[in-house]
Amino acid sequence: MEQRESKVAITRGLLSKCPCCGDGPLFHGYLQVCPQCDACGTALGRYPAADGPAFFTMTIVLLLLIPLIGFTWILFRPSPLMLLLIVGLITILLTLVLLRLVKGAFVGYLWAKDEQDRGA
C-alpha cells in the first residue's frame, strides 16, 4: 500500500480540492462529494464522511459559543431577545462555514488513511 501524506491531504480537503492531486474540486455543490476527481480520476465517492464532520462542527461551534455568549453579554449588555438574535445568527453562519471546511478535511483524512467504504 502506498504511503499518503496526511497533512497534505487534510490541507487540500480544507481548500475543497481533491486530496490526491489538489487540482480537481472535492465537492459538487455545497456538501456533496464528487464521485470522481475530474483531474486525476480518484474515486472520491468511496470515502464516506457520514456523521463525523457534523459531530466535529457541532463540537467546535459549541466550544466557541460559550465565550461568545459571555463576551457579548458583558461588553454590550443586550436584552435577552437581542442576545438570542446575535448569538443565533453568528452560530448559524459559523456552522455553515465550518461544516464545509471540516467535511473537506475529514474526507482528506479518510483518503490519506485509505478508509474506503468497502461495501457490505
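Nothing here was measured: the structure is a model prediction, and the numbers come from that model.

A. Inspection of the pattern of salt bridges at higher detail. Within this structure, the stated rule accounts for one salt bridge. We note a salt bridge from Asp114 to Arg4, for which the minimum N-O separation is 3.6 Å. With Asp114 in the segment after helix H3 (80-112) and Arg4 in the segment before helix H1 (6-14), this pair connects stretches of sequence that are 110 residues apart. The exposure class assigned to Arg4 is buried, which follows from its relative accessible area of 19%.

B. Here's a closer look at the packing of helix H2 (residues 52-76) against H3. Viewed as axis vectors pointing N to C, H2 and H3 meet at an angle of 150 degrees, and their least axial separation amounts to 8 Å. Classed by the angle they form, the pair H2 and H3 counts as roughly antiparallel. You can see that H2 and H3 cross each other, and the crossing is right-handed. Each residue belonging to the contact of H2 with H3 can be placed in one class, and the counts come to 19 nonpolar, five polar and one charged.

C. The arrangement of the nonpolar core in detail. Formed by 13 residues in total, the largest nonpolar core has its most connected members in Leu26, Val33, Leu44, Tyr47, Val107 and Trp111. At four residues, the largest contribution of residues to this core is made by H3. Other than its neighbours up to four places away in sequence, Val33 contacts Leu26, Phe27, Leu44, Lys103 and Val107.

D. Spatial organisation of the packing of H1 against H3. Direction vectors running N to C along H1 and H3 enclose 150 degrees, while the axes themselves pass 7 Å from each other. When the axes of H1 and H3 are compared, the pair comes out roughly antiparallel. Crossing geometry of H1 relative to H3 is assigned as right-handed. Seen from H1, the contacting residues are Ser6, Ala9, Ile10, Gly13 and Leu14; seen from H3, they are Leu101, Gly104, Ala105, Gly108, Tyr109, Trp111 and Ala112. Here the contact of H1 with H3 is composed, by residue class, of eight nonpolar, four polar and no charged.

E. Seen up close, the packing of aromatic side chains. According to the stated counting rule, one finds two aromatic pairs in the structure shown. Here Phe55 and Phe56 contribute two aromatic rings whose centre-to-centre distance is 5.5 Å and whose plane-to-plane angle is 75 degrees, an arrangement assigned as edge-to-face. Take Phe56: its relative accessible area is 40%, and that puts it in the partly exposed class. Ring centres of Phe56 and Phe106 lie 6.0 Å apart, and the angle between their planes is 45 degrees; on these two criteria the pair is classed as tilted. Placement of the pair is Phe56 in helix H2 and Phe106 in helix H3, with a sequence separation of 50 residues. An aromatic cluster is built from Phe55, Phe56 and Phe106, whose rings are joined through pairwise contacts. Here Arg4 stacks its cationic end above the ring of Trp111, 4.3 Å away from the centre of that ring.

Cut-off values and rules
- Residues numbered from 1 in each chain as written.
- Predicted model: local features only at pLDDT ≥ 70, side-chain atom pairs only at ≥ 80, totals over all residues.
- Heavy atoms only, no water.
- Salt bridge = Lys/Arg side-chain N within 4 Å of Asp/Glu carboxyl O.
- Helix = DSSP H or I, 4+ residues; strand = E, 2+ residues; numbered from the N terminus.
- Buried < 20%, exposed > 50% of the residue type's maximum accessible area, 1.4 Å probe, protein only.
- Axes fitted to C-alpha atoms, helices over the stretch in contact; angles between N-to-C directions.
- Parallel < 35°, antiparallel > 145°, perpendicular 65-115°, else oblique.
- Left-handed = near helix turned anticlockwise from the far one by under 90°.
- Nonpolar A, V, L, I, M, F, W, Y, C, P; charged D, E, K, R; others polar.
- Core = buried A, V, L, I, M, F, W, Y, C linked by side-chain atoms within 4.5 Å.
- Contact = heavy atoms within 4.5 Å.
- Phe/Tyr/Trp six-rings, centres within 6.5 Å; stacked < 30°, edge-to-face > 60°.
- Lys NZ or Arg CZ within 6 Å of the ring centre and 35° of its normal.

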